[in-house]
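One-letter residues, chain by chain:
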Amino acid sequence: MRISLIIFISLLLFACREEDKTTESFDVTIHLNRDPGQINPFYATTSLGREVYQYIFTPLADFHPDDLELSPILVESLPESIDTMILGESLVYYDINLKDDAKWSDGKPLCAQDYFFTVQMIKHPLSEISAWKPYFAPMKKLEMSRTDSTALRVYFDADYMLSREVALTTFVMPAHIYDPEGVLTLDGRALISESYEIQDSAEIKVVENTNASVNAKTDVVQLGPYTLTDFQTDEYIILTAKEDYWGADHSDNVFLQQNPQRIIFRIVPDELSAINMARDGGLDFIRFRSSKRFLELKEDSVFSAKWGFYTSQIMQYYYLAMNNQTGPLSDKLVRKAMSHLADVDDYIDNIDRGLGTRTIGHFNPTKSYYNNELEPISYDPEKAKSLLDQAGWKDDDGDGIREKKNGNVVNKLKLDFYITGSELSQKIALLFQEAAKSVGVEINIVAKNMSLIRRENLSNFNFDFAALAKGTDAAPDDPYSMWHSDNAIPGTANNSGYANPEADRYIELIRNTRLSSVRKEAYLKFQELIYEDQPVIFLYSPLQKMIINSRLQAKTTAKRPGYLANSFDLAK
Amino acid sequence: MFSYFTKRLLLIIPTLILISIIAFALSKMTPQDTVISVLQLRGIDQENITARQYAECYRDLGYDKALFYFSIVPDHYPKTSNKIPDPDSRKLYKALLKKGVPHMHAENYLDQLQAVENRLKAKADSDSLILLNNIGADAERFAAYMGEKYDSKLENSMFYPTIRWHGLNNQYHDWLKQIFYEGFGPSITDGKRAVEKVGKSIQWTLSFTLVDLFLSILLGISTGVYLAYKPQGRIQTVLRQVLYFFYALPVFWLATILVVYCTTDDYGSWTNIFPSIGMDIYPGKSTLEHIALNASKLILPIICLTLHSLAYVSRIVENSLNEEFRKDYVLQAYSMGLEKWEILTRKVLRNAMIPSITLFVAAFAAAFSGSLVIEVIFNIPGMGRLLYNALQIADWNVVFCILILLSFITIVAYLAGDLLYAFFNPKIKYRA
């Protein structure tokens, strides 16, 4: 009896082990339309690069794909800000506790010194980490615990609205690899400031060696669930799940999951070629630029039987920039008239086949502070005519084009509309031109390379209209660079030259307040002002269009790039 | 003859130098700003690029140096106007120089303009901003704004040319050094040496274009000979129509149709004739091993290219043969009792091949540049696709590497063509 029981238990255990073994290993093949070049979050922060490096490098915290709220990854929990005064300066600090079990890919534990080294590198004058510098400028002080190697405290200017996001969404560099002697992180070393002077050649060597890591592809010591095992420029990139990964104990954390054994990125510039590859199983995931092609495939019964079709809101919007500084569009009435000439619903339905969401302003419709009370501006040529009449633009000579007298000079309402060669901007410009013609406005469409438009037109307000797109992210929006009058000067992000003292006050309030209710109210009021002034014509936020092989179980998200390949699983 | 070919060989060097100078000059005329491209690749948005970052990158790239070993300019010009990193200021500076303003005065105006700009930016009211906007980068408007500060008497009315020597400290020389010591320098996309990227892509390109070339010539000559030997008949008529049909079809259309209908079983299992597109991945294998393992996937691209060029080659050969058949020596051969086949193989074919040599030489040189359309549709990482991508992002090191390589191959191919001419036609004499 006893022997039978032992045999039975042994068989049961054996069966359980067998079941574990049946967990199927699988690969996921993702389509990229071009080579991402460098894949390093410090030195090359392009969105395409992020699509790849997000599985190799891991930040302390990231915006969760489900609710877009900040969610911990390398920290135990999200710290709250605490006000303090140091030497008469008003600051906030955050106590950061790194996870005890987080380990670099070479087995060394993650520690506060790594964070300190990373910040020093970002702030160092010889560092080529340019993109992060402005975000870390308000970080004033950093203290490491003497007793706990995973605890640290960071201090920011009290009025810096993004301090929490900056402190936590940063990636970390392994100090033991780049600075084993601790040159930049010696005991008592202060945080590098703007007036910092380089101390010695050892320091220069550390910074230069770290800068040189920009081109490192394989053997990168990092914290993410995957490691880069092969990168052939313009061909493919292979990420392989790490063995004995520390994050395996946190598999409920979506950022640390390792479901596919390999994530393979195939670079296929032509969308049609990618579809043909996908037909024969060469790809598992494609993100589409063309709505037309996406919907055609959806209607193809043979294709759609094998593929799942997904759309998700994307943190981006299309708009028509207007010159608020000079020319006819500096008049608010004329701008409002122009807004009534953009048949945005028609653009969405006929150009993007319904795959877009109208937006009334700068903030993405998924944001909690998006002002839903404001109705999108309607297409109404009659209203446009009346507004143009009010602004003094009338067609007195009957030639079909409105004019306005300025003393003895008669100015015709002829406006230049700059577009890139993209199909979307061309179609929008033509439809807008047609609508404008019907109310007596002549639109001259000029197609140019985007960098030329920026340099020759936007950067010195030498334009009337320009068709542009703006990408935002899941962090709270800071409207300062694009909408504050401080930036209504040539060559800045406020390329429409919008300036309104009332809007400035709301922008400053958004940036300075630490009360979320006040910030939300300021966001809402700011949107009302922008809606009233119509500094640009807000068109719509396009939907991300993706197809995923039906063999996979996957979720999409509004967080760019719209999916997390490490969380893909085999369909049951 | 030997000295003729030695001379031709030596002529390759100045030709390549001339090509490099032209290519270098053209790259400087393109509207794309390489400094901005490089900074964007370092992760900085164009909107956020500061003047300091731009200037540092500008100097790092050596753009502050003169373009060439010497320049011929009016005598009031400076040694080089490239010292000014800001593109708008440089444009204004050059415009002032063009108006005849001596360079020292032009620099003084630039300083004054900077002071005005700083003052207006600090003031930042709407009037200041409009004024700042109006100043812009236009010399006329700037001059108008400067008013009495601008002394038009300073403008030179007569321009005397002068030669400025820049020695080896110039952009062209730096670039030449980069070619020899750094394999054309790094690609701005991934930091790899341009020569490595080109070396890899050319293997892919040659893997299918050389096979296409071989098949096109072999089948084209055979078909041309057949059609010239037996011009009449139903088979010949059908063959000509089929060849013209494939010649008339655009390659991209033919390739797309074949890919959509003949590589998957979506339209029935019998249509799944060829392997799917996109090369399979074999990590750790060399490019040549990759090509060998993907050989079956190159069949369809080769078929598309060969079908397209077959008609052309066969038509040239047929016409050339027909022309030879009308010559007196052929009539004489007939009168001597020789059969048509004997005349064709012993006399006509060799003569008819002479005009076709140019065609084959050109086709051989073109084979190296790849077929962009085929490489894009079949996702083959060849040289055509690499060149196209490099041009789009102003990756000049890669563009130059391909350009120089193709120039070299073209020159050598035409030299080989001349040799073949001599081989096929001993009547041709070369003078050194």
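Residues numbered from 1 in each chain as written. Chains lettered and ligands numbered in written order. Predicted model: local features only at pLDDT ≥ 70, side-chain atom pairs only at ≥ 80, totals over all residues.

S.K.: Please explain the overall build of chain B as it appears in this structure.
M.R.: Counting its secondary structure elements, chain B contains 18 helices and two strands. Every one of the 432 residues in chain B was classed for burial, and the buried ones make up 28%. (Helix = DSSP H or I, 4+ residues; strand = E, 2+ residues; numbered from the N terminus. Buried ≥ 20, exposed ≤ 12 C-beta atoms within 10 Å, placed from the backbone.)

S.K.: How should I be thinking about the overall build of chain A in this particular structure?
M.R.: On a plain count of helices and strands, chain A comes out with 18 helices and 23 strands. The globule rule puts the C-alpha radius of gyration for 572 residues at 25 Å, and the 27 Å found for chain A is close to it. For the C-alpha atoms alone, the extent of chain A along its principal axes is close to 105 × 70 × 45 Å. Put simply, chain A has 572 residues, and 45% of those count as buried. (Rg over C-alpha atoms; globule rule 2.2 N^0.38 Å.)

S.K.: Just checking my understanding: could you explain the confidence of the model for chain B for this structure?
M.R.: Close reading of the predicted structure is inappropriate where its pLDDT is low. Residues and elements named next belong to chain B. Chain-level pLDDT for chain B is 82 on average; 88% of the residues reach the 70-or-more range. Mean pLDDT across the secondary structure elements of chain B bottoms out at helix α7 (residues 139–146), with 55, and peaks at helix α9 (residues 194–229), with 92. Interface confidence for the predicted complex, given as ipTM, is 0.70, next to a pTM of 0.78. (pLDDT = per-residue confidence, 0-100.)

S.K.: Would you mind showing me how to read the sheet that holds strand β5 (residues 89–97) of chain A here?
M.R.: Two pairing modes exist for strands in a sheet, parallel and antiparallel, and in both the strands are linked by backbone hydrogen bonds. All names here are of chain A. With antiparallel pairing, the four strands of this open sheet are ordered in space as β4-β5-β7-β6. Among the strands making up the open sheet, the edge pair consists of β4 (82–86) and β6 (139–144). On average, each strand axis in the sheet is tilted by 30° relative to the strand beside it, whichever way the strands run. Of the pairings in the sheet, the one linking β4 to β5 comprises five bridges and is antiparallel in character. Paired with isoleucine 82 across the two strands is tyrosine 93, which belongs to β5. Lying over the sheet, helix α3 (residues 112–123) contacts β6 and β7 (151–157), oriented at roughly 155° with respect to β6. (Pairing = 2+ DSSP bridges. Axes fitted to C-alpha atoms, helices over the stretch in contact; angles between N-to-C directions. Contact = placed C-beta atoms within 7 Å.)

S.K.: Please explain the pairing of strand β15 (residues 403–406) of chain A as it appears in this structure.
M.R.: The two faces of the sheet receive side chains in turn, since in a regular strand these alternate between them. Residues and elements named next belong to chain A. Two elements, β15 and strand β16 (residues 409–412), share four bridges in a ladder whose sense is antiparallel. Bridge pairing in β16 places asparagine 406 opposite valine 409. Hairpin remark: β15 followed by β16, antiparallel, with two residues in the connecting loop; positive phi at glycine 407, about 70°.

S.K.: Which parts of the structure should I look at to understand the sheet that holds strand β20 (residues 536–538) of chain A?
M.R.: All names here are of chain A. The strand order β18-β17-β19-β13-β20 describes an open sheet built from five strands, whose pairing is mixed. At either end of the open sheet lies a strand with only one pairing partner, and these are β18 (442–447) and β20. On average, each strand axis in the sheet is inclined to that of its neighbour by 30°, with strand direction left out of account. Pairing of strand β13 (residues 316–322) with β20, which is carried by three bridges, proceeds in the antiparallel orientation. By the bridge assignment for β20, leucine 320 is matched with isoleucine 537.

S.K.: Can you help me understand the nonpolar core in this one?
M.R.: Nonpolar side chains in soluble globular proteins tend to be buried together. Residues Val154 and Ile286 of chain A are the most contacted members of the largest nonpolar core, which totals 134 residues. Top element by residues in this core is helix α13 (residues 299–325) of chain B. It accounts for ten residues. Dropping the residues within four chain positions of it, isoleucine 286 of chain A is found in contact with His31, Ala274, Ile275, Ala278, Met546 and Ile547 of chain A. The next biggest cluster of nonpolar side chains, apart from the first, holds 46 residues, and it includes Tyr347, Phe417, Leu424 and Ile443 of chain A. (Core = buried A, V, L, I, M, F, W, Y, C linked by C-beta atoms within 7 Å.)

S.K.: In this structure, what is going on with the environment of glutamate 521 of chain A? I would like to understand it.
M.R.: With respect to the helices and strands, the residue glutamate 521 of chain A is situated in helix α18 (residues 516–533). Between the alpha carbons of glutamate 521 of chain A and glutamate 382 of chain A there is a distance of 34 Å; along the sequence they are 139 residues apart.

S.K.: For this particular structure, what's the right way to read the packing of helix α11 (residues 332–339) of chain A against helix α13 (residues 381–390) of chain A?
M.R.: A pair of packed helices can be characterised by two numbers: the angle between their axes and the separation between those axes. Residues and elements named next belong to chain A. In contact at an axis separation of 8 Å, α11 and α13 are set at 170° when each is read in the N-to-C sense. One element, α11, and the other, α13, form an angle in the roughly antiparallel class. Along this stretch, α11 crosses α13, giving a crossing that reads as left-handed. On the side of α11, the interface is formed by Leu333, Val334, Lys336 and Ala337, while α13 contributes Ala384, Leu387, Leu388 and Gln390. Per-class residue counts for the contact of α11 with α13 are six nonpolar, one polar and one charged. (Parallel < 35°, antiparallel > 145°, perpendicular 65-115°, else oblique. Left-handed = near helix turned anticlockwise from the far one by under 90°. Nonpolar A, V, L, I, M, F, W, Y, C, P; charged D, E, K, R; others polar.)

S.K.: I tried to follow the pairing of strand β17 (residues 414–419) of chain A on my own but got confused; where do I start?
M.R.: Residue and element names in this part refer to chain A. Here six bridges tie β17 to β18, and the two strands are oriented parallel to one another. By the bridge assignment, phenylalanine 417 is partnered in β18 with isoleucine 445. In this view, the connection linking β17 to its parallel neighbour β18 by way of helix α14 (residues 423–438) has right-handed handedness. Where β17 meets strand β19 (residues 465–471), two bridges bridge the pair, whose relative direction is parallel. Paired with tyrosine 418 across the strands is alanine 466, a residue of β19. (Right-handed = clockwise from strand over helix to strand, strands pointing away.)

S.K.: I keep staring at the packing of α9 of chain B against α13 of chain B and nothing clicks. Help me out?
M.R.: Residues and elements named next belong to chain B. Following both chains from N to C, one finds α9 and α13 inclined at 35°, their axes separated by 7 Å at the closest point. You can see that α9 and α13 cross each other, and the crossing is right-handed. Of the residues in the contact of α9 with α13, the class split is 16 nonpolar, eight polar and two charged.

S.K.: How do you make sense of unusual backbone geometry when you look at a structure like this?
M.R.: A negative phi angle characterises most non-glycine residues, just as the trans form characterises most peptide bonds. With an omega of 10°, the peptide bond running from arginine 560 of chain A to proline 561 of chain A counts as cis. As for its position among the elements, proline 561 of chain A is in the loop between β22 (552–553) and β23 (569–570). Here the phi dihedral of arginine 353 of chain A falls at roughly 50°; this positive angle occurs in a residue that is not glycine. Even without being a glycine, phenylalanine 184 of chain B presents a positive backbone phi close to 70°. Considering the arrangement of structural elements, one finds phenylalanine 184 of chain B in the loop between α8 (171–182) and α9.

S.K.: Explanation requested: the confidence of the model for chain A in the structure shown.
M.R.: Residues and elements named next belong to chain A. Summary statistics for chain A give a mean pLDDT of 88 and a share of 94% for residues scoring 70 or more. Of all secondary-structure elements in chain A, the lowest mean pLDDT belongs to helix α1 (residues 2–21), at 49, while β20 reaches the highest, 97. For residues 11–22, every residue scores under 50 in pLDDT, and the model assigns this stretch zero contacts once sequence neighbours within four places are set aside.

S.K.: Even after reading the chapter, I still don't get helix α17 (residues 501–512) of chain A, so can you show me in this structure?
M.R.: Since one α-helical turn is 3.6 residues long, residues separated by three or four positions face the same way. Residues and elements named next belong to chain A. Counted at 1.5 Å a residue, the expected span for α17 with its twelve residues is 16 Å, and the 16 Å between its end C-alpha atoms agrees. Taken together, the buried positions of α17 are Ala503, Tyr506, Ile507 and Ile510. One side of α17 holds all its buried residues, which, seen down the axis, span an arc of 100°. (Expected span 1.5 Å × (residues − 1). Arc of directions from axis to C-beta.)

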